[in-house]
Amino acid sequence: MTTLDNTFLTRPTIRTERLDKLRARFAPVFEEIAAGALERELSGELPTEAVDRLKRAGFGAVRVPEEFGGAGATLPELTQLWIDLVAADANLAQALRGHFAFAEDRLWHHRAGTSQEIWFERFVSGEIAGNAWSEVGSTTIDTQQTVLTKRSDGTYVLNGSKYYTTGTIFAEWADVYALLDEPGEKQFVIAITDARENGVTTTDDWAGFGQLGTGSGTTTFENVTVRAENVLPFGERYPYQTALYQLNLLATLAGIARAATADTVEAVRARERNYSHANAARVRDDPQVLARVGEIASAAYVVEAATIRTATALQENADLAGSGDREAIAAANELAELESSAAQVVVTEQVLTAVTNLFDTLGASGTERERGLDRHWRNARTVSSHNPRILKAKVVGAHLVNGTPPPYAWAIGTTSRPTAS
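What comes next concerns the included structure. (Residues numbered from 1 in each chain as written. Predicted model: local features only at pLDDT ≥ 70, side-chain atom pairs only at ≥ 80, totals over all residues. Heavy atoms only, no water.)

## Digging into the environment of T252
Then, number 1: Among the structural elements, T252 can be located in helix 8 (residues 241–270).
Then, number 2: For the pair T252 and S152, spaced 100 residues apart in the sequence, the C-alpha separation amounts to 45 Å. (Helix = DSSP H or I, 4+ residues; strand = E, 2+ residues; numbered from the N terminus.)

Here is the structure:
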């Protein structure tokens, strides 16, 4: 990937002193990661070393408050860093999606008055969490075969299997959605599980054609011990989790668009041969080619702006932690859901078009496997398939026309409007 220095594409959509420092701090790390991204894509190698490099650099702690050793970044600042990271390697922000979702929950509860110092210390030391929520065959979010059972000593034992456990293969912890099965009572909980425990097995069996390095495989839990303090009621999860998950995917699409633009510019600059019926002897002088490059770059520009706007809506929700204002929290959460849904509809369309149109600027050699330009479409199409945009368009339209509240959990089946805590 070519870095587009001194152009409008590398300027951040927001500018803060802290973000400038963070971008400067992580730029060398992202450059190291970018250097091996294409080779990893072609070979199918997991970016384990790249994730380790991010851990050592403290990337997983950028939302941790400064007084606990983190960077204290806002959600828009974190989102800008995600976009920068994805421009280096399309897999990595999504690979850390579960970590930042869990870290946000800990930050929410810290601001609400429950100390999370132990988790902040873990994040600052480089430990991260992976996601473990989805199950093969579950028909709704209320159908879970992963079960937590209490022992006589007060600890719990976890058994079950999860699919799409994005990032867990790289992580020290797993954020597990499970059914707590107790005599006379069943409830859904979060079991924060040490992924280094015996009985935890993660397999890289994700078989999609894109985002191959996200570590989105299967994790099984066989008689795994979970400490009592790490069993949390699902109903106490921070309210804007669904929107945050989507924000991460929006940032991934924005970063893919930036990387695709960079690769397109590099390829057009280097291309010597042109068609006999082209508009100029040199490809880089052909107005139709230049217009297509401009369209691709403009798409990257717009989707990044839309993504940062979504992050700003989420920050308004995050700022209400500890306020106790249930109505304000619910309203902010609804706004975040609607903004992320609206952004997804447009961002998906723009990015998929851009990563297809880049081939209009090149000849047949642009499809050569070793160039890896197809990865931009494969990765963008895979990211966009997580939460279908046609359903998101329906969410926005139904709200505007009928006042229908957006869904707050993505699953097959029905979901209900949450009550803010």
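So much for the structure itself; the text now carries on.
## Notes on the nonpolar core
Then, number 1: Within the largest apolar cluster, 96 residues are counted, with the highest numbers of intra-cluster contacts made by L54, F59, V62 and W82.
Then, number 2: Broken down by element, this core gets its largest block of residues, 15 residues, from helix 8.
Then, number 3: Apart from residues no more than four positions distant in its own chain, W82 is found in contact with F59, A93, F100, L244, L247, N248 and A251.
Then, number 4: In this structure, L148, A178, A191 and V224 belong to the second largest nonpolar core, which totals 16 residues. (Core = buried A, V, L, I, M, F, W, Y, C linked by side-chain atoms within 4.5 Å. Buried < 20%, exposed > 50% of the residue type's maximum accessible area, 1.4 Å probe, protein only. Contact = heavy atoms within 4.5 Å.)

## Side note on the pairing of strand 3 (residues 156–162)
Then, number 1: Of the strand pairs in this sheet, strand 2 (residues 147–150) and strand 3 are connected by four bridges, and their pairing is antiparallel. Within the sheet, the bridge partner assigned to L148 lies in strand 3 and is L158.
Then, number 2: Joining the antiparallel neighbours strand 2 and strand 3 is a turn of five residues, in which G154 adopts a positive phi near 95°.
Then, number 3: Note: strand 3 against strand 7 (residues 218–226), six bridges, orientation antiparallel. (Pairing = 2+ DSSP bridges.)

## Quick word on helix 9 (residues 287–318)
Then, number 1: Across its 32 residues, helix 9 extends 46 Å between first and last C-alpha, which sits within 8% of the 46 Å expected from 1.5 Å per residue.
Then, number 2: Of the residues that open helix 9, the one with a side-chain oxygen 3.0 Å from the backbone nitrogen of Q288 is D286. (Expected span 1.5 Å × (residues − 1). Polar contact = N/O pair within 3.5 Å; in protein donor to acceptor, adjacent residues only side chain to side chain.)

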